[in-house]
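Survey of secondary and tertiary structure
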Amino acid sequence: MYNKLFADIMRFVALILFQLFIVDNIRLGYYIHPVVYILFILLMPYNAQRWQVMLAAFGMGMIIDFFSGTPGLNAAAAVATSYVRHFVIVIMTRKSDLEEKYNPSLVEMGFTWFFTYSSILLCVYNLVYFMLEAFSFKLLNIILLQTLFSTLSSVALILLIMLLFIPKSNLTLNK
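1. Topic: the packing of helix α4 (residues 73-92) against helix α7 (residues 111-134)
- Where α4 meets α7, the axes come as close as 9 Å, and the angle between the chain directions of the two elements is 150 degrees. As α4 runs across α7, the sense of the crossing is right-handed. Residues Leu73, Asn74, Ala76, Ala77, Ala78, Ala80, Thr81, Val84, Arg85, Val88, Ile89 and Met92 of α4 pack against Trp113, Thr116, Tyr117, Ile120, Leu121, Val124, Tyr125, Val128, Tyr129, Leu132 and Glu133 of α7.
- Each residue belonging to the contact of α4 with α7 can be placed in one class, and the counts come to 18 nonpolar, three polar and two charged.

2. Some details on α7
- Between its first and last C-alpha atoms α7 spans 33 Å; for 24 residues at 1.5 Å apiece the expected length is 34 Å, and the two agree.
- Looking only at α7, the buried set comprises Trp113, Phe114, Tyr117, Ser118, Ser119, Leu121, Leu122, Tyr125, Asn126, Tyr129 and Phe130.
- Each element contacted by the buried residues of α7 is listed here: α2 (39-42), α4, α6 (106-109) and α8 (140-165).
- Immediately downstream of α7, the backbone of Phe135 shows phi near 50 degrees, a positive value.

3. A look at α8
- Its 26 residues place the ends of α8 37 Å apart at the C-alpha level, agreeing with the 38 Å of an ideal helix rising 1.5 Å per residue.
- Every buried residue belonging to α8 is among Ile143, Gln146, Thr147, Ser150, Thr151, Ser153, Ser154, Val155, Ile158, Leu159, Ile161 and Met162, and all of these are buried.

4. Observations regarding the packing of aromatic side chains
- For the structure shown, the criterion picks out eleven aromatic pairs.
- With a centroid separation of 6.0 Å and 50 degrees between ring planes, the pair formed by Phe114 and Tyr117 is classed as tilted. Residue Phe114 and its partner Tyr117 are located together in helix α7, separated by three residues, close to a single helical turn. This pair shows no difference in class: Phe114 is buried, exactly as Tyr117 is.
- Cluster of aromatic residues (ring-pair linked, three or more members): Tyr37, Tyr125, Tyr129 and Phe130.
- The side chain of Arg50 reaches across the aromatic face of Tyr83, ending 5.1 Å from its centre.

Rules used throughout
- Residues numbered from 1 in each chain as written.
- Predicted model: local features only at pLDDT ≥ 70, side-chain atom pairs only at ≥ 80, totals over all residues.
- Heavy atoms only, no water.
- Axes fitted to C-alpha atoms, helices over the stretch in contact; angles between N-to-C directions.
- Helix = DSSP H or I, 4+ residues; strand = E, 2+ residues; numbered from the N terminus.
- Left-handed = near helix turned anticlockwise from the far one by under 90°.
- Contact = heavy atoms within 4.5 Å.
- Nonpolar A, V, L, I, M, F, W, Y, C, P; charged D, E, K, R; others polar.
- Expected span 1.5 Å × (residues − 1).
- Buried < 20%, exposed > 50% of the residue type's maximum accessible area, 1.4 Å probe, protein only.
- Phe/Tyr/Trp six-rings, centres within 6.5 Å; stacked < 30°, edge-to-face > 60°.
- Lys NZ or Arg CZ within 6 Å of the ring centre and 35° of its normal.

Keep in mind these values describe shape, not function.
Next comes the structure, spelled out in structure tokens:
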């Protein structure tokens, strides 16, 4: 239990630091804003209570907001994503898979499932983030473009991170 808690704390800190010091400093244009810290929320166990997931999302979002100068945007988008996460998991996963597997990860669920799962949740995150940032429906076409390109870049970066940190013996891409 302590090893799992320590690993979760290290993942929490590492993803925040990676987001703040590396990802946020890469300029990819106006429409592309990748987000990787949300991976912590994506990888939380199935059996985690919804309030725990939302609290972790709020905490991570507030930390990112504090250092990025975006008051509440990341926190709101992360909490909305963590709320939707439960419904996405229930819709995408058989009940038997939820009982025998612990984490919604690339290793446990396979590439296709994890790609779809992370794409949906990152799309929710980016849509909420950019809608709150613009705070206007007049910019809907720009919001949708930012959502699309930021989701694609975030999913690619998250999959790359997952592939880099998974032992090759545990990886199966055809589930």
